[in-house]
Amino acid sequence: MPKLLISLPTGDISRELSGDIISIGRTRDNSVQIDHHSVSAHHAKLTLVNGNYRVKDLESTNRTFVNGTPVNEAELTVSCILRIGSVECVYKVEKAESSSGDAQSQLGELQRQLENLMKARDLISQQNRSLVKERDEARQEAEIAQVELNDAKRQLEQFQSGRVPAAAGNAGDAGKLAEAKKQIELMSREREALLISNQELKTQVMSLTAKATELQQKATQAAVQLQVAASVQQHAAAAAASATSAQEKAAARVKQDMDESVEEEFEEEAQLAGAGQKTAAGAGAGGGARILSGAPLISSWLNRGAKRKADQGTESTRITPMTPPAPPAPAAPVAPTEKAASPATGAPTLRLVQPPPVPDPQALTASSPAVKIGRASANLAPQNPDIKPVWELLNRMRRSLHYFLRHQDELQVLEEMAASAHELTEMSQADVLRPIHELAGALEALISDLHSSPVNINPSTLRTVGQCIDFIATLIHESNLGQIRDVTTARILAIDDDEGILETIKATMEMVHVNIETASQSNAGLMMLSEQNFDMILLDVGMPEMNGMDICSRVRAMPHHQKTPIVFLTGEATVQNRVQSTLNGGNDMIGKPFSILELAVKVIVWIFKGQLGMV
């Protein structure tokens, strides 16, 4: 069933298209009403032609566009962008149901043809048997006539040779002779007529036999086509069932992940309560919470990072992996945390000292690996006492986020989370914690923006906040920090047919010092991906030439991009689209319109994940 997905400022709506003629306009008397000031009262109409709709502009004020081109009349293709005034619509066709319906229709038609051919064959066979019977009867009559003709000829010969006793000159004999000649001529004509009739019957029999053979061949072909159509229908049904099963499994995985997240949170709280240890909020806690809002958010975050890089001079920012510590002597106490002043700001920073002894293997369960991806890493708090303040800050932010998800009207929770993120930024100024410092600064700017502009609060931005907190929990393990390279060395590619969005992405990446290249056409983007290596890909879903899901499948077929992070840009960040993107090889999704701060956090997280091989 064709559908029209309409994007309005108040939200997206979907309208199924049925009927030969569908009117589109602002007033209620239209089949599809679009209540927008740029839409005329009777703007356009859709006409069904050969199973597909054609759009015709009704001399509207703000014109009708198909894939960005103004048109008076044009045919709609699957997933094309139809713009009514300034309102964008997407024309969709449910392919699976259409294929199943076509196969069912074709199957019924072939069955009717096969039944007609079988009836025609039976009728011709019956006619053929009747003609064969008539031919045999005519052949018998011809044989009888031939015998009678031979007898008449023999009698005539005998009469002429005088073998038959008769008086010469007898008038009666002359009459008999004439009558015998007439009979012979009559029988000869009958014989010729029977021979001609027999020949015609032979011709008709041969013609009917040939026709019966042809019908038999057609019936065989129809039966083969019927089997093929039935097989196509079975495959279509199996494909639909497989797709439904895959979507159900993916939805079940999403629900399972959500349930595990809640269970892990309760486990964390139980672990923290049982430990009974309260550590200081960190060396930077005395600085207080600094809430940024409005335009200065990203500039303040960037200026802080630039100042820090300037203070470092020409020293390399590459982090070398920390060597595992040896267990100290039993009597040696664990070295305390040392605090030092930052060379640029004088603010206290956190410096890692000798880690504690390796914990007793019996204290760890077999199901607790050294590092786990995502939320699962929250179950393994690092044993280094210098990291514990960071760990507790992350647990506090995670609990606050879960609370805010259930009480989104309490904006003071975001203010507390922004203060915690600022505290984490100040605590992670040491060179060894540089990746955490960069992520915490970006996260602080994003949360502060959500607090000052609640209109930007949506499932996409909140998901990005949670994703960043969980990833920082993974980064605090020394083995992971040692693998992170500077984000300025990364190269990403953005593919989107909207030049305005590409410019926004490019400006955002330049502000966070990430190398960015763009492509406005799917074929150009695929060419660049086949020839070059990138650390991350931003991919629009609704591309006109080839949609983003198909592009993603082709990218995953390239050996050098099988593990490259791919984040989709879409105006419909629904659960179904997330499941579909995962099935096509995508890693994440960001909803349009997006915040530049959300985009910056998302890009830094996935660049670091790619460097750790967490794709």
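Please read all numbers here as calculations on a predicted model, not as lab measurements. (Residues numbered from 1 in each chain as written. Predicted model: local features only at pLDDT ≥ 70, side-chain atom pairs only at ≥ 80, totals over all residues. Heavy atoms only, no water.)

Trainee: Would you mind showing me how to read the sheet that holds strand β14 (residues 491-495) here?
Mentor: Sheets are built from strands that pair by backbone hydrogen bonding, the pairs being arranged parallel or antiparallel. In space, the five strands of this open sheet follow the order β15-β14-β16-β17-β18, with parallel pairing throughout. The open sheet has two free edges, formed respectively by β15 (515-519) and β18 (588-591), since each of these has just one partner strand. For this sheet the average axis-to-axis angle between neighbouring strands, irrespective of direction, equals 20°. By the bridge criterion, four bridges tie β14 to strand β16 (residues 536-540) in an arrangement that is parallel. The residue of β16 that forms the bridge with I492 is M536. Sheet contacts for helix α10 (residues 522-531): β14, β15 and β16; angle to β14, the most-contacted strand, approximately 160°. Docked against the sheet, helix α11 (residues 548-556) engages β16 and β17 (566-570), running at close to 170° with respect to β17. (Pairing = 2+ DSSP bridges. Helix = DSSP H or I, 4+ residues; strand = E, 2+ residues; numbered from the N terminus. Axes fitted to C-alpha atoms, helices over the stretch in contact; angles between N-to-C directions. Contact = heavy atoms within 4.5 Å.)

Trainee: I'm lost on the packing of helix α4 (residues 388-406) against helix α5 (residues 412-427) in this one. Help?
Mentor: A packed helix pair is summarised by two numbers, namely the angle formed by the two axes and the spacing between the axes. Packing of α4 against α5 leaves a shortest axis separation of 10 Å and a crossing angle of 160°. On the basis of the axis angle, α4 is roughly antiparallel to α5. As for how α4 packs across α5, the hand of that crossing is left-handed. Contacts between α4 and α5 involve P389, V390, L393, L394, R396, M397, S400, L401, Y403 and F404 from the first element and V413, L414, M417, S420, A421, E423, L424 and M427 from the second. (Parallel < 35°, antiparallel > 145°, perpendicular 65-115°, else oblique. Left-handed = near helix turned anticlockwise from the far one by under 90°.)

Trainee: Help me understand the pairing of strand β3 (residues 21-25), please; the structure alone is not making it clear to me.
Mentor: The two faces of a sheet get side chains in turn, since along a regular strand they alternate between them. Summarising burial for β3: four of the five residues are buried, a large majority. Alignment of β3 against strand β5 (residues 44-49), held across four bridges, turns out to be antiparallel. When the sheet's bridge partners are listed, I24 is paired in β5 with A44. For β3 and strand β4 (residues 32-33), the ladder comprises two bridges, and the chain directions are parallel. Looking at β4, one finds that I24 is bridged to V32. (Buried < 20%, exposed > 50% of the residue type's maximum accessible area, 1.4 Å probe, protein only.)

Trainee: How should I be thinking about the pattern of salt bridges in this particular structure?
Mentor: Where charged atoms from two side chains of opposite charge approach closely, those side chains can pair. For the coordinates displayed, the defined rule picks out 10 salt bridges. For K218, the salt bridge is made with E214, and the minimal N-O distance between the two is 3.7 Å. Of this pair, K218 and E214 both sit in helix α2 (residues 171-275), four residues apart, roughly one helical turn. Between E423 and R396 there is a salt bridge, with its nearest N and O atoms 4.0 Å apart. (Salt bridge = Lys/Arg side-chain N within 4 Å of Asp/Glu carboxyl O.)

Trainee: Would you take a moment to explain the sheet that holds strand β6 (residues 52-57) for this structure?
Mentor: Taken together, five strands build an open sheet; the order of strands is β4-β3-β5-β6-β9 and the sheet is mixed. Only two strands of the sheet have a single neighbouring strand rather than two, namely β4 and β9 (73-75).

Trainee: In this structure, what is going on with the packing of helix α9 (residues 499-511) against helix α13 (residues 596-612)? I would like to understand it.
Mentor: Relative to each other, α9 and α13 sit at 60°, their axes nearing to 10 Å. Put simply, α9 runs oblique to α13. Viewed along their axes, α9 and α13 form a crossing whose handedness is right-handed. For the pair formed by α9 and α13, the contact residues are T504, I505, T508, M509 and M511 on the first element and I596, L599, A600 and V603 on the second. Across the contact of α9 with α13, the residue classes tally to seven nonpolar, two polar and no charged. (Nonpolar A, V, L, I, M, F, W, Y, C, P; charged D, E, K, R; others polar.)

Trainee: Help me understand the nonpolar core, please; the structure alone is not making it clear to me.
Mentor: Nonpolar side chains in soluble globular proteins tend to be buried together. With 66 residues, the main nonpolar core has I505 and L538 as its most contacted residues. No other element matches the 11 residues that α13 contributes to this core. Setting aside its immediate chain neighbours within four residues, L538 contacts I492, L493, A494, I495, I505, V567, L569, L599 and V603. (Core = buried A, V, L, I, M, F, W, Y, C linked by side-chain atoms within 4.5 Å.)

Trainee: I keep staring at a nonpolar patch on the surface and nothing clicks. Help me out?
Mentor: Nonpolar side chains collect at one region of the surface, where V224, V228 and V232 lie side by side and expose about 240 Å² of accessible area between them. Tracing the backbone shows V224 in helix α2. The exposure class of V224 is partly exposed, given its relative accessible area of 44%. (Patch = residues over 30% accessible without salt bridge, like charges linked within 9 Å, V, L, I, M, F, W, Y side chains within 5 Å. Areas by Shrake-Rupley, 256 points an atom, 1.4 Å probe, with all protein chains shown as cover.)

The analysis is restricted to geometry; functional conclusions fall outside its scope.
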